[in-house]
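Structural features, examined
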Amino acid sequence: MKLTSFTDYSLRVLIYLATRPGRRATIGEIAAKFSASENHLTKVVHFLGTEGVLATVRGKGGGLGLARPPQDIVVGDIVRRTEGQAMPAECFGSGGACAIAPCCRLRGVLGEAVDAFYAVLDRYTLEDLVANRDQLDAILRIGEMPVAAPMELRA
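The model shown is predicted, which means the values in this text are computed figures rather than measured ones.

This brings us to the pairing of strand 2 (residues 63-66). When strand 1 (residues 54-57) meets strand 2, the two strands line up antiparallel, connected through four bridges. When the bridges of strand 2 are listed, Val 57 appears paired with Gly 63. Counting the residues in the hairpin turn of strand 1 and strand 2 gives five residues, including Gly 59, whose phi is positive at 90°.

Structural data, given as C-alpha cells:
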C-alpha cells in the first residue's frame, strides 16, 4: 500500500513536533527541514488542526504544537484520517464495472490485507516513532526556541 504525500507530510510534521515536546515550530521551519512546500504543509497543518491533533498559537512566540501527548497519538489513526477510505482496487469503490465482481474473492483478500496493514500501524504511537529523539534532533537540528508561558491553543 502506498501512502499519499499528504499522509507522509502529516507524519513528518508530527514527528518533528514530537522530537522536542513542549516546543512550538512554524510551518516555514518544518518546510525548510524537509524541503517541502510551505503551501502543501499549510494544508496538512490545517487538516491536523481541525482533527484535534495539532494546536496553534497565534502572534509573537506562537507556532504549532501537539494538541495531545505523543503517546496518545496512534499512527494508524493518523493514517486512516489522512488517507480516507482504503481503496486497494476498483471493486472497493462505487460504480466498479468488473465482470467477475459477483464471484471474485480478491476483494476479501485485499480487505484482509488492509486490515492487517492498519493492525500493525495501530500498535504504534507517535512516541514510538520518536523514541530516538536525540538522533532525530541531531539530524533535524531543531533550534532552541523559548517556550512561552502557556497560552490558549487553538485546535
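What follows picks up the thread again.
Okay, the packing of aromatic side chains next. Applying the stated criterion to the full structure yields three aromatic pairs. Summarising the aromatic geometry, the rings of Tyr 16 and Phe 34 are spaced 6.3 Å apart at their centres and angled 70° between planes, so their arrangement reads as edge-to-face. Placement of the pair is Tyr 16 in helix 1 (residues 5-19) and Phe 34 in helix 2 (residues 27-34), with a sequence separation of 18 residues. Comparing Tyr 16 with Phe 34 shows no difference in burial state: the two are buried.

Another aspect to go through is helix 5 (residues 106-121). The end-to-end C-alpha distance of helix 5 is 23 Å, a good match for the 22 Å that 16 residues give at a rise of 1.5 Å each. Within the sequence span of helix 5, burial applies to Gly 111, Val 114, Tyr 118 and Leu 121. Seen end-on, helix 5 carries its buried residues on one side only, within an arc spanning 80°. Facing away from the buried side of helix 5 by more than 90 degrees, the exposed set consists of Val 109 and Glu 112. For helix 5, the elements touching its buried residues are helix 4 (75-83).

Now for unusual backbone geometry. Phi angles above zero are rare outside glycine, and Ser 35 is one such case at about 50°. Tracing the chain through its elements places Ser 35 in the loop between helix 2 and helix 3 (38-50).

Another aspect to go through is helix 2. Regarding helix 2, the residues found buried are Glu 29, Ile 30, Ala 31 and Phe 34. Contacts made by the buried residues of helix 2 are with helix 1, helix 3, strand 2 and helix 7 (133-140).

The next thing to look at is the environment of Val 57. Mapping Val 57 onto the fold places it in strand 1. In the structure, Val 57 is positioned 33 residues away from Arg 24 in sequence and 8.6 Å away in space, judged by C-alpha atoms.

Rules behind the numbers
- Residues numbered from 1 in each chain as written.
- Predicted model: local features only at pLDDT ≥ 70, side-chain atom pairs only at ≥ 80, totals over all residues.
- Heavy atoms only, no water.
- Pairing = 2+ DSSP bridges.
- Helix = DSSP H or I, 4+ residues; strand = E, 2+ residues; numbered from the N terminus.
- Phe/Tyr/Trp six-rings, centres within 6.5 Å; stacked < 30°, edge-to-face > 60°.
- Buried < 20%, exposed > 50% of the residue type's maximum accessible area, 1.4 Å probe, protein only.
- Expected span 1.5 Å × (residues − 1).
- Arc of directions from axis to C-beta.
- Contact = heavy atoms within 4.5 Å.

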